[in-house]
Amino acid sequence: MTISATADVVVLDIEGTTSAAGFILGDLYDYARPRLDEVLGRDDDTVRDARADAISETGLDADASDAEIAEALRGLMAQDVKSTPLKTLQGTIWAEGFAAGEIHSQFFDDVPPRLHAWHEAGIRLAVYSSGSVASQVPWFRHAPQGDLTPLVEDFFDTVKAGPKKESASFDIIAAALGVAPERALFLTDHPDEVSAALAAGWQVIALDRAGEPWAGADFAAPAVASFDEIEVTR
């Protein structure tokens, strides 16, 4: 079954949509866990802000050590909590890992060909993920199928746009991209994100991929198992 949409912009979720959640929660989380202590000790504005936010979010004392903060953040990772300071620190760690060739990204085989086809057809592409922009960009740059960043116009995270389960975040993205909500298409695997985007007046197609965390969920939008089943025209 093919689902058709007419849109100017396609906005992509990552985990469970373009890429396997298990790869991110496995390989990438394993890479970040032991490196949190070191990155927290850096004299860097982004790290300092993330450190302060992590202390506030986890309820630690203001004078908590880097080791204590890192352990609290590892607890959030174990629960897959979508924590903004954690995502910021993970993004820093992953970007360095990608640059060093120590980690790599993963995309479902059906995704890159579709992205290329939509881009060539004049469909604009953007990304909206709970992972930080700092981690999104190298994720697309280091795809096994080749650098995908030239296809993507902009990247959004929860700092830049807001929580993914709130419709106001999609208003922010539409305004930033200069597109009417009804001309924007969001692709995601999460039922709550489907509902938020629909509430903002967006078109939505859900990805119901076998083996992914939300497979078989009750989506409030049409669902497909592959990008091959999505046809987008302007």
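Before reading further, recall that the structure is shown in the block above.
Being a predicted model, the structure only gives us computed values, none of them experimental.

Colleague: So what's going on with the sheet that holds strand β2 (residues 9–12)? Residues and values would help.
Modeller: The sheet built from six strands is open, its strands ordered β4-β3-β2-β5-β6-β7 with parallel pairing. Two strands lie at the open edges of the sheet, namely β4 (154–156) and β7 (223–224), each paired on one side alone. Across the sheet, helix α7 (residues 133–141) lies against β2, β3 (124–128) and β4, angled at about 135° from β4, the strand it touches most. Relative to the sheet, helix α8 (residues 167–177) contacts β2, β3, β4 and β5 (184–188), its axis offset from that of β3 by approximately 145°.

Colleague: Quick one: what's the story with the pattern of salt bridges, residue by residue and with numbers?
Modeller: Pairing between side chains becomes possible if they bear opposite charge and their charged atoms approach one another. For the coordinates displayed, the defined rule picks out 17 salt bridges. Glu96 is the salt-bridge partner of Arg42, the closest N and O atoms lying 2.6 Å from each other. Note that Arg42 is positioned in the loop between α2 (36–40) and α3 (45–58) and Glu96 in helix α5 (residues 84–99), a separation of 54 residues in sequence. Of the residues examined, Glu96 reaches a relative accessible area of 38% and is grouped as partly exposed. The network of salt bridges with shared partners includes Asp13, Lys164 and Glu193.

Colleague: I'd love a proper account of the nonpolar core, names of residues and values included.
Modeller: Core analysis: the biggest nonpolar cluster contains 56 residues, and Leu115, Trp118, Phe140 and Leu187 have the highest contact counts within it. Top contributing element to this core by residue count: helix α1 (residues 21–32), with six residues. For Trp118, the contacting residues outside a window of four places in its chain are Val10, Ile123, Leu125, Leu187, Phe227, Ile230 and Val232. Of all hydrophobic cores here, the second largest spans 22 residues; its members include Leu177, Phe186, Val194 and Ala196.

Colleague: Report on the environment of Gly75, specifying residues and quantitative values.
Modeller: Positionally, Gly75 belongs in helix α4 (residues 66–78). Taking relative accessible area as the criterion, Gly75 reaches 26% and is therefore assigned partly exposed.

Colleague: Give a description of the pairing of β2 that names residues and reports values.
Modeller: Because side chains alternate across β2, one face comprises the buried residues Val9 and Val11, and the other comprises Val10 and Leu12, equally buried. Across four bridges, the pairing between β2 and β5 is parallel. Counted as the bridge partner of Leu12 is Leu187 from β5.

Colleague: So what about the packing of α3 against α5? Which residues, and what values?
Modeller: Where α3 contacts α5, the axes come no closer than 8 Å and their chain directions differ by 145°. Relative to α5, α3 is oriented so that their crossing is left-handed. For the pair formed by α3 and α5, the contact residues are Thr46, Val47, Ala50, Asp53, Ala54 and Glu57 on the first element and Thr84, Pro85, Thr88 and Leu89 on the second. The residue makeup of the contact of α3 with α5, split by class, is five nonpolar, three polar and two charged.

Colleague: Could you give an account of the packing of aromatic side chains, naming the residues involved and the relevant values?
Modeller: Scanning all chains against the criterion turns up twelve aromatic pairs. Taken together, a centroid distance of 6.2 Å and an interplanar angle of 75° make the contact between Phe98 and Trp139 edge-to-face. Taken together, the positions of Phe98 in helix α5 and Trp139 in helix α7 put the pair 41 residues apart, joining distant regions of the chain. A residue is classified by how much of its surface remains accessible, and Trp139, at 4% relative accessible area, is buried. Their ring planes at 45° and their centres at 6.1 Å tell us that Phe107 and Trp139 sit as a pair that is tilted. Residue Phe107 is found in the loop between α5 and α6 (111–120), and its partner Trp139 is found in helix α7; the two are separated by 32 residues along the sequence. Across the pair, exposure class does not vary: Phe107 and Trp139 are buried alike. Taken together, Phe23, Phe98, Phe107, Trp139, Phe140 and Phe155 form an aromatic cluster joined through their ring pairs. We note Arg35 situated over the ring of Tyr31; from NZ or CZ to the ring centre the distance is 3.7 Å. Seen from the ring of Tyr128, Lys164 lies directly overhead, with NZ or CZ sitting 5.4 Å from the centre.

Rules and cut-offs
- Per chain, the residues get numbers from 1 upward, laid out in the order the sequence is written.
- Confidence filtering applies because this is a predicted model: local features only for residues at pLDDT of at least 70, side-chain atom pairs given and counted only at 80 or more, and all residues used for totals across whole chains, interfaces and linings.
- The basis for every side-chain value is the complete set of non-hydrogen atoms in the structure, without hydrogens or water.
- Two strands qualify as a pair provided that DSSP identifies no fewer than 2 bridges between them.
- Note on conventions: DSSP H or I runs of at least 4 residues are helices, E runs of at least 2 residues are strands, and numbering of each starts at the N terminus.
- Contacts were defined at the residue level, with two residues in contact if any of their heavy atoms lie within 4.5 Å.
- Geometry is summarised by axes, namely lines fitted to C-alpha atoms with helices restricted to the contacting stretch, and by angles between N-to-C directions that run from 0 to 180 degrees.
- The working definition used for a salt bridge is a side-chain nitrogen of Lys or Arg within 4 Å of a carboxyl oxygen of Asp or Glu.
- Type-normalised accessible area, obtained with a 1.4 Å probe on protein chains alone, sets the label of each residue: buried when under 20%, exposed when over 50%, and partly exposed for intermediate values.
- Residues enter a nonpolar core if they are buried and are Ala, Val, Leu, Ile, Met, Phe, Trp, Tyr or Cys, with the set joined through side-chain atoms within 4.5 Å.
- Helix crossings get a hand from a simple test, with the near helix turned counterclockwise from the far one by less than a right angle marking a left-handed crossing and a clockwise turn marking a right-handed one.
- Note that Gly is not counted as nonpolar here; it falls among the polar residues with everything else outside the nonpolar set of Ala, Val, Leu, Ile, Met, Phe, Trp, Tyr, Cys and Pro and the charged set of Asp, Glu, Lys and Arg.
- Centres within 6.5 Å are what make two rings of Phe, Tyr or Trp a pair, Trp counting through its six-membered ring; a difference in plane orientation under 30 degrees is then read as stacked, over 60 as edge-to-face, and the rest as tilted.
- Any Lys NZ or Arg CZ that is within 6 Å of a ring centre and within 35 degrees of that ring's normal is treated as a charge sitting over the ring.

Take it as geometry only, folks, not as evidence of what the structure does.
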